[in-house]
Every structure is written in structure tokens, then in C-alpha cells.
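# Observations on the model geometry
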Amino acid sequence: MSRVTHLAEHRLWLLTTPATSYALRLDDEDRPRHVHWGARLTAEQAATVPPPVSRDAGSFQTGGPGGELEGPGFGPPSLDVRFADGGAGVEWRYRGHAIDGGDLAVRFADRHHPLEITLHYRVHDDTDVIERWTVLRHTGDGDSRDPVGLLRWDSAAWTLPPLPAPRLSHVAGGWAAETLLRREALPYGETVLTSRRGTTGHQANPWVMLDGGQATEEHGEVWSAALAWSGSWRITVHRPAFDAVGLTGGSGHDGLSWRLAPGETWRSPVFAGVYGAAGFGGISRQWHSYALRHVLPHPDELRPVVYDSWEATGFDVDLAGQLRLVERAAALGAELYVLDDGWFGARRSQRAGLGDWRVARDRFPGGLDPLIEAVRARGMRFGLWVEPEMVNPDSDLYRERPDWVLHLPNRRRTTLRDQLVLDFARPEVAGWAYDWLDRLLTGHRIDFLKWDFNRPLTEVGRPGHDDPGRLWTDHVRSVYAVIDRLRAAHPHLRIETCAGGGGRVDFGILARTDEAWASDNTDAVDRIGIQHGYGQVYPARTMAAWVTDSPNPLTGRAVPLRFRFHVAMSGVLGLGGDLTRWSAAELAEAAGLVALYKEVRPAVQHGALHRLTRADAPVTAVQYVLGDAAGAADEVVVLAWRVTARFGHTAAPLRLAALDPGAVYRDTGTGAAHHGAVLLAHGLPLDLPPGDHASGLTRLVRLPAGAPHGPPSPVPGGRVGTSEA
Ligand code: DGJ
């Protein structure tokens, strides 16, 4: 049972999750101090944890680590405020707390200024993830009309115990190369991970993992935090020379400020944290199950196999061309057909038409319905591409409403991808967007929107607006509100978050969407690394991955169809190529692989991910385990990919994870039986086809105890690479 305990005599609160504890206390000056984040402790035990050692080295050493809200002493501040009288800094007085089930709220007020802060903590019974956020309130009345300037307003600061050799894991990349995992020694000083782009960003993603330098994929202590926010963000990890590592994170980037008005309340996004002792893989599985249990709106659903027209047609869409693709997509087993960019206004290239959300009658003379009906007649659902936050200068919308874009007086309006960003925080803009989207969804049988966002924010302002700094936040909130309203009005609607690939993937947007387009890079070899990083925090259930044409349009690399499929099958399989150019043999092979994916999909999308190797290993392999009600591994899917063959480097058997050692598993492809204990200790023999770009998939199901089976297979048996498809 997760719970919150208050030890009044120690002024200490203890949060208990299924396997971990978190504790904080008030010091003599009412400052909330971090006490513990790690393995389970009782309240009595937590009360004996000594405060951080004061090394008594004089005034220069004051302010050690351990703040819950002000950051580690003289380290990076979590909260930075300016009062009307020029005052800065806060002196909190404790004002009380409230416990409600797994929720704890601890309230403070500044000793002098009209500012209140409430630190929120939430624990659940089914996850070790602890959610934290902060609420600020300007308590000024008639006498204090002055706003409080906010320069930094983090959601939470987390403190770690002393670590032998602190190491930081995070992702860094760019467009078409998102979420590349970096694991490196944490330097002394401050390491800032950030997006200044007004969106989550391709270059970084708002999460970190920290360990003491010894954790492995399946063993060792790891601490991790992830921010649920889709705008600019900043996470600062602080490694002082002598004190504990801490981190602070929240929305907004450096240099931004805004004013909290008298009477105003501001709630930060959630900056959740999780501790575990089962290595990086254990932490990933914690995040995945948290996403499935507490973030995604429809976690129980299986995501359908999508066909998306983008890589086949670019902007060159019309009814006849789409119908040809519909035929092929349906024959392959696609379940959702998405008409991508180019269906509206004068949108024949990226240069024009964005913002004019009227069906282009020259390309779809009867409107969208003939296409939708054809799609539905072939048993597929219909989805549509939209980019509601953007406008091309060459559009009727911009000609009519040039003031609707974000812009600053006396500054140029920077176009990127030939487009400007609409000022979504303006109620009339959000209202306009909601209305056309609602009309579209009401007037047509549309099941799915691919919600795209193809440039960062610049010149964030609105002439006449006296506090433009808040527009960075308000834009995101307004997008969230429009999506939430649409979902409420159209409960059948499912949404994919996309931002030129994986530029807007985070727990904030995933709370209101159903899957994410992880990257515009569909090259299967590159995707192995991108997906490896994506899956560190976000579950396969959200990771859309298409099989497209070969050679790949972006990289020029030729990769066999089967390899492309096996890589995409480790997420939400989709199809994205020009199917009219696929040969009969390719179409037949693809149809078989789509059918196979549907069989393994429950394990891939809802099972527990075990990364069996590094992403850059000679053979990369992942395993998905679907448990029965009692948690025993019932079904196992293993995908293995070898990019480059090397003479003399035979692939070792893959030691599997998390199986029931006493059970016998049957390979559904070959019928071979394997003892769980042997698969754990010696591995599944790999029998990949020769040459580069070799891959395989094996599905194992647990036989009921005592069920007859042939002699358990010695090596070679059910072999990855030959057992299925
Ligand atoms: C960027 C997306 O990532 C692509 O999949 C495609 O939808 C294009 N935008 C369309 O403009």
C-alpha cells in the first residue's frame, strides 16, 4: 500500500511506494529539507536519517544540498522571484499540510511578501513513480496590487544520496536523429538540459537518469526524473565538489520571466521521479507501466496498424492516388488509413495554404467523404493530418488575420519551413482552431488526427500584451485545452503527437494523445538507435514506426523488407511507403509480417520491455514479456537485428530475461520447447540469415504446468530468425 505518513514530532513526512520511500522534513527555520529517496524505510527509520553533514568550513560552505524547493543552497535555484520593492529570495513560514490518500500538500507563505507556495507530492499503489508539482499563489489583496516577478519556477528539486561516480543518462539528437541515448560521467558543476524552442524539442527530451557509475541494464540503483511539459523546459543537474548530486527542473527556459498577478495561482507541470534497484531497464519498465497506468488516455487499447501517405506522395495527394494506396494498404492488413499533408487549401508544397482548412476541391472533388467511405469499406479507420498551430504567410488566413501570429513590434517575423506560429493563447485563435477541428470531426467520419507542429517558436509576443513572457506557457496550455475539449466532444477520436517527427514527445502531451511519431527518419538501421533512446522512458505502445521504401528516401540505404519490418514491429507497426511500387513478392511478404505483428502486438504494446543488448552491439535484441494475472511470464517476443555481418563473429545465444525458470516455453514458429531456466542461463540460440541486415522474431508461449511437450529442444532449436516469418 502506498501512503503518506506524518511524524509531527519530527516535522517529517514519509511517502511510501510499493518498493521505495521518499522523506522530507522541516528544519528549524521552516525550510523543507530533503531526507531520503531510495529503498523502503519506515517512518521511524527515516526520522533517524541525519541531515547532510555540515563540514564546518566557514561561511563559504553554507547552503549544502537538500532543498525541496529552493534548489541545493547556492546551487541552481528552483524558484527565483522579484518583489515590487526590489526584494528577491523567499523566507518561508510553514502554514500546514494536507494528506488525502496518496496525496500530500505542504503549504508555506513568505514571511513578508504576498506569496504562498504549496509543494505537492503524489504516490500510487501500483508504481514507484512519485509525482511532484508546485502551486504558487499571489495572496495580495487591495493593498498589494503589485505582481510578483517570476524568473524561475521549477516543479521540483530532487536530491540523491552520495554516489561513488555519478553518471548521467539522457538523450541528445536532432531532427531525424531524435532520442539518441547518451550515458556519461556527470561533470562537476551544473549540467543544463533544455529546450528554448517553445516545444519539447528534437535535440533533448525532458528526462534524466542518474546512477553511481555501476548500474547496468538489469542491476543497480538508478534515480530518474521526467517532466510532463510540451513547451520550453530546463533541467539542471548539479554536482558540487563535495556534496550530493541534486537536480531541479520545470517549464520555461533561461531568460524568460513573467508576472504573477495579485490573486493569481500558478500550477507547475508534474516533474515525476522514480528510484529503482533493477538497473536502467528496471527504470524504463517503471516509466512504461506508469505511462500505461497513469498517463495515457486509453492505455488498454491496442494501437492499430496505420498506413500513412506521406512518404508515398509528399504533398501530391488526390483522390485517385489515395484510392490506389487504400487498396494496397487494406490488402496488407492496415487498420487505419491516414491522409497526410496536402489535402486542403492551396497546399501543394510547404510554401502555401497552411491555415486554410478547406478540402482542396481540385484534388478531392467530392470532398473527403468518397475517400473516407472507400477506406471504411475496406475495413479500415480513417485519419487525417492537421497542423492547427501554424500558418503559411501565403494563405487566406494570414492575409485576413496577419495579427494572429506570434510577433513582436519592430521585429521581423521569422519564417521556418515557410510558416509562422499562430498565437494560440489568444482566445479567438484557440476558438477558431477548435471550431474548424470540431466541424471537421462532426462532418466526417474521422477516427484519428495526426497533430503536427513543424517549427519552433520565435518572436514570442503580441503587440499590446504587457507580459509576453507568459505566452510561452500559455501557448502550450491552450494547445492542451483545445485537444482536451476535442477529445471530450469526440470520445472516439484518437490522436498522434507529431512535430516534424519526435519533436513533441513528453508525458504532458502523452496524457492527451494516443501515440507519437518518433522520427521522420524511417531508415530501419538509424531507427534502432532512435527507438532505443525513445524506449528509455516512453513505452512501445506509443512509439509509431513505419516500414517505408528501400532505398530509404532520407539516407539512401537499402535494407531488406524483413529487417525493416522487424525493427518497426518493436513499436506500433505502421506502413508508409509507396505501396504501388512494391512487387507482388514484397506485398505478399509484407502481408505475412503484418499478420504476424497482430499476433505479437499484445506483448509488444502491453508487455514489459527488456533490452537484451546495447543499441550498438553486433546483434541488437529486445524482448517483450506479457505476464499472466499472477505476473508469471506467459508470452515472450524476441526481436533481434544484426546490421553488419562480420566473419568469425557468430552471434552468441541470447540470454533471455524475466522468464519462469520452472516453466517450459514453446516456440510458436518451430514448435520447439525450451526450459525457462535454460533460456535464462544459456540463452536462445540465434540463427540469423547470413549477410548484413539480418533479423528475426521469436514468439514463445508458456505451456501449462504438466502439459505434454516434445523433448525440450537442445541447441539448435527455436531459432531467432527462422522461427517466424
Ligand atoms: C512532418 C511529419 O513528421 C511528417 O510525417 C509529415 O506529416 C510532414 N510533417 C507533413 O508536412
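Here is a short report on the structure shown in this document. Residue positions are counted from 1 within each chain, in the order its sequence is given. Confidence filtering applies because this is a predicted model: local features only for residues at pLDDT of at least 70, side-chain atom pairs given and counted only at 80 or more, and all residues used for totals across whole chains, interfaces and linings. Values shown for side chains rest on all heavy atoms present in the structure; no hydrogens or waters enter the calculation.

## Focus on the site of the ligand
Proximity is defined per residue: if any heavy atom of the residue lies within 4 Å of a molecule or strand, that residue is considered near it. Taken together, 14 residues lie around the ligand, and D340, D341, K450, D452 and D520 are the ones closest in. Contact between the ligand and K450: an oxygen atom at 2.7 Å from a side-chain N or O atom of the residue. Pairing of N or O atoms within 3.5 Å defines a polar contact, subject to two protein rules: one partner must be a possible hydrogen donor and the other a possible acceptor, and residues neighboring in sequence count only if both atoms are side-chain atoms. For the ligand, an oxygen atom lies 2.9 Å from a polar atom in the backbone of G501. Each accessible area is a Shrake-Rupley estimate made with a 1.4 Å probe; only the visible protein chains count as cover when residues are assessed. Notes on the ligand: free accessible area 290 Å², of which the protein chains cover 99%. Here the term charged refers only to Asp, Glu, Lys and Arg, the term nonpolar to Ala, Val, Leu, Ile, Met, Phe, Trp, Tyr, Cys and Pro, and the term polar to all other amino acids, Gly among them. Broken down by class, the residue content of the shell around the ligand amounts to five nonpolar, three polar and six charged.

## Concerning the pattern of salt bridges
Salt bridges are counted wherever a side-chain nitrogen of Lys or Arg sits within 4 Å of a carboxyl oxygen of Asp or Glu. Inspection of every chain in the model, using the stated rule, returns 47 salt bridges. Salt-bridge contacts for R196 lead to D254; the nearest nitrogen and oxygen are separated by 2.7 Å. Note that R196 is positioned in the loop between β14 (189–195) and β15 (207–211) and D254 in the loop between β18 (246–251) and β19 (258–260), a separation of 58 residues in sequence. With a closest N to O distance of 3.4 Å, R259 and D466 form a salt bridge. You can see R259 sitting in strand β19 and its partner D466 sitting in the loop between β27 (448–451) and α8 (471–489), a full 207 residues away along the chain. For every residue, the accessible area obtained with a 1.4 Å probe (protein chains only) is divided by the maximum for its type, and the residue is called buried under 20%, exposed over 50%, and partly exposed between those limits. Of the residues examined, R259 reaches a relative accessible area of 33% and is grouped as partly exposed. The exposure class of D466 is exposed, given its relative accessible area of 59%. Strands are runs of DSSP state E lasting at least two residues, helices are runs of H or I lasting at least four, and both sets are numbered from the N terminus onward.

## Thoughts on the pairing of strand β31 (residues 572–575)
The alternating pattern of β31 places V572 and G574 and L573 and L575 on opposite faces, both of which are buried. Between any two strands, pairing holds if DSSP finds at least two bridges. Sheet analysis places strand β22 (residues 306–308) next to β31, joined by two bridges and oriented parallel. Bridged to V306 within β31 is G574. Pairing of strand β30 (residues 543–547) with β31, which is carried by four bridges, proceeds in the parallel orientation. What sits directly across from W546, in β31, is G574. Crossover handedness for the path β30 to helix α11 (residues 561–568) to β31: right-handed. Viewed with both strands pointing away, a crossover whose connecting path from the first strand over the helix to the second turns clockwise is right-handed.

## Things to note about the packing of aromatic side chains
Pairing of aromatic rings covers Phe, Tyr and Trp, the last through its six-membered ring, and needs centres within 6.5 Å; plane angles under 30 degrees mean stacked, over 60 mean edge-to-face, and all others mean tilted. Summed over the entire model, instances satisfying the criterion amount to 27 aromatic pairs. A ring pair is formed by F344 and W357, whose centres lie 4.3 Å apart and whose planes are at 35°; its orientation type is tilted. Placement of the pair is F344 in the loop between β23 (336–339) and α5 (369–377) and W357 in the loop between β23 and α5, with a sequence separation of 13 residues. We classify W357 as buried; its relative accessible area is 11%. Counting every residue linked through ring pairs, the aromatic cluster contains W343, F344, W357, W385, W404, W432 and W436. Just above the ring of Y434 sits the side chain of R485; from NZ or CZ to the centre is 3.6 Å. Lysine NZ or arginine CZ positioned within 6 Å of the ring centre and within 35 degrees of the ring normal marks a charge as sitting over the ring.

## As for the packing of helix α10 (residues 524–534) against α11
The convention used is that axes are lines fitted to C-alpha atoms, helices contributing only their stretch in contact, and that angles between N-to-C directions extend from 0 to 180 degrees. Their axes nearest at 9 Å, the elements α10 and α11 cross at an angle of 15°. The angle between α10 and α11 places the two elements in the roughly parallel class. Between α10 and α11 lies a crossing whose hand is left-handed. Residues A524, V525, R527, I528 and Q531 of α10 touch α11, and the partners they reach there are F563, R564 and V567. Looking at the contact of α10 with α11 residue by residue, the class counts come to five nonpolar, one polar and two charged. Oblique is the label for every angle not falling under 35 degrees (roughly parallel), over 145 degrees (roughly antiparallel), or within 65 to 115 degrees (roughly perpendicular). In this scheme the handedness of a crossing depends on how the near helix is turned from the far one: anticlockwise by less than a right angle means left-handed, clockwise means right-handed. Whether two residues are in contact is decided by their heavy atoms: any pair within 4.5 Å suffices.

## Looking at the packing of helix α7 (residues 427–443) against α8
Describing two packed helices takes the angle between their axes plus the distance from one axis to the other. α8 packs onto α7 with a crossing angle of 30° between their chain directions and a minimal axis gap of 10 Å. For the element pair α7 / α8, the angle class is roughly parallel. Here α7 runs over α8; the crossing is right-handed. Each of A430, Y434, L437, D438 and L441 in α7 lies in contact with α8, whose residues at this interface are S478, V482, R485, L486 and A489. Partitioned by chemical class, the residues of the contact of α7 with α8 number seven nonpolar, one polar and two charged.

## Looking at the environment of A645
Mapped onto the fold, A645 is located in the loop between β34 (633–642) and β35 (664–667). Accessibility expressed as a relative area gives 32% for A645, which makes it partly exposed. Sequence separation of A645 and P689 is 44 residues, and the distance between their C-alpha atoms is 9.8 Å. Each residue touching A645, except ones within four places of it in the same chain, is listed here: G691 and D692.

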